[in-house]
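Listed below are the residues making up each chain.
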Amino acid sequence: MNISEQLLNKILGIKEARNIKISIEDTILTCTYLHLDSGHLSKNTASMNIYELAYKCKTWAHDKKNISIKSFISGHVSIADISGADVLDKRFVANNEVEAIIEACEWILEQD
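Residues numbered from 1 in each chain as written. Predicted model: local features only at pLDDT ≥ 70, side-chain atom pairs only at ≥ 80, totals over all residues. Heavy atoms only, no water.

So, the packing of helix α1 (residues 5–12) against helix α2 (residues 50–65)
Heads up, the rule is: Helix axes are fitted to C-alpha atoms over the stretch in contact, other axes to C-alpha atoms as well, and angles between N-to-C directions run from 0 to 180 degrees. Per the convention used, a helix needs a DSSP run of H or I reaching at least four residues, while a strand needs a run of E reaching at least two, with both numbered from the N terminus. What sets the label is the angle itself: under 35 degrees gives roughly parallel, over 145 gives roughly antiparallel, 65 to 115 gives roughly perpendicular, and the rest give oblique. Contacts are assigned to residue pairs with any non-hydrogen atoms lying within 4.5 Å of each other. Residues are grouped as follows: nonpolar covers Ala, Val, Leu, Ile, Met, Phe, Trp, Tyr, Cys and Pro; charged covers Asp, Glu, Lys and Arg; every other residue, Gly included, is treated as polar.
Closest axis-to-axis distance for the α1/α2 pair is 9 Å, and the angle between their directions is 85°. If you check the angle between α1 and α2, you find them roughly perpendicular. Mapping the contact onto sequence places K10, I11 and L12 in α1 and L53, K56, C57 and W60 in α2. Split by residue class, the contact of α1 with α2 holds five nonpolar, no polar and two charged.

Right, here's the structure in full:
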């Protein structure tokens, strides 16, 4: 799963992150990154339940961009559909629901 520095900043408030490494064990996402603070790099770690991250992504899209993300599982894939005033029914397909939601949010960021 890839999460951009920009999305981490928007969703989790992590600023000045570099060399982001993400691992998932069971339902816990651990994000290790280098953080620039007062001109010095320090290693930081943030952990979060992946479903909490997905919820925060959906909330950000709705509150900040007025875009609704609806996610569901269909067969062996997960789907995230987005819609809003400026977006008409865009669909993202991934291996799991959280990945589909993150892909949708990354796309939303690219549209700015």
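What about the sheet that holds strand β3 (residues 40–49)?
As a reminder, the rule being used: By definition, two strands form a pair when at least two bridges between them are found by DSSP.
Taken together, three strands build an open sheet; the order of strands is β1-β2-β3 and the sheet is antiparallel. Every interior strand has two partners, whereas the edge strands, β1 (17–25) and β3, have only one. Between one strand axis and the next, the sheet turns by 15° as a mean value, whatever way the strands run. Examined bridge by bridge, strand β2 (residues 28–37) and β3 share 10 bridges and lie antiparallel to one another. Across the sheet, the residue bridging to C31 is A46, located in β3. Set on the sheet, α2 makes contact with β1, β2 and β3; between it and β3 the angle comes to about 100°.

What to know about the sheet that holds strand β5 (residues 77–84)
If you walk across this open sheet you meet the three strands as β4-β5-β6, and the pairing is antiparallel. The open sheet has two edge strands with one neighbour each: β4 (67–74) and β6 (90–94). Pairwise comparison of adjacent strand axes, ignoring direction, gives a mean angle of 20° for this sheet. In terms of strand pairing, β4 meets β5 through eight bridges, oriented antiparallel. Bridge pairing links K70 to D81 in β5.

Observations concerning the side chain of S71
Heads up, the rule is: Relative accessibility thresholds used throughout: buried, under 20% of the residue-type maximum; exposed, over 50%; partly exposed, between the two (1.4 Å probe, protein chains only). Think of a polar contact as two N or O atoms within 3.5 Å of one another; within protein, one of them needs to be a possible hydrogen donor and the other a possible acceptor, and neighboring residues in sequence only count if both atoms come from side chains.
Topologically, S71 is positioned in strand β4. Residue S71 is classed as buried on the basis of its relative accessible area, which comes to 18%. Reaching out from S71, the side chain makes a polar contact with the side chain of K58 at a distance of 3.0 Å. Within the local environment of S71, its side chain forms a polar contact with the side chain of E97, the two groups lying 2.5 Å apart.

Examining the environment of I73
With respect to the element layout, I73 can be found in strand β4. Among the residues examined, I73 registers a relative accessible area of 61% and is labelled exposed. In sequence terms I73 and N96 are 23 residues apart; their C-alpha atoms lie 7.9 Å from each other.

Comments concerning the confidence of the model for the protein
What counts, and what does not: Each residue carries a pLDDT value, the predictor's own confidence for that position, ranging from 0 to 100.
Averaged over every residue, the pLDDT of the protein is 89; the share at 70 or more is 100%. For the protein, β1 is the element with the lowest average pLDDT, namely 83, and β6 is the one with the highest, namely 95.

Description of helix α3 (residues 97–110)
Each α-helix winds once per 3.6 residues, and so residues spaced three or four apart point in a common direction. Note the cut-off: By this rule, a helix spans an expected 1.5 Å times one less than how many residues it contains.
The terminal C-alpha atoms of α3, which comprises 14 residues, lie 20 Å apart, in line with the 20 Å expected from a rise of 1.5 Å per residue. Burial analysis of α3 places 11 of its 14 residues in the buried class, which makes it a mostly covered element. Buried-residue contacts for α3 involve α1, α2, β4, β5 and β6. A distance of 3.1 Å separates the backbone nitrogen of V98 from a side-chain oxygen at the start of α3, and that oxygen is part of N96.

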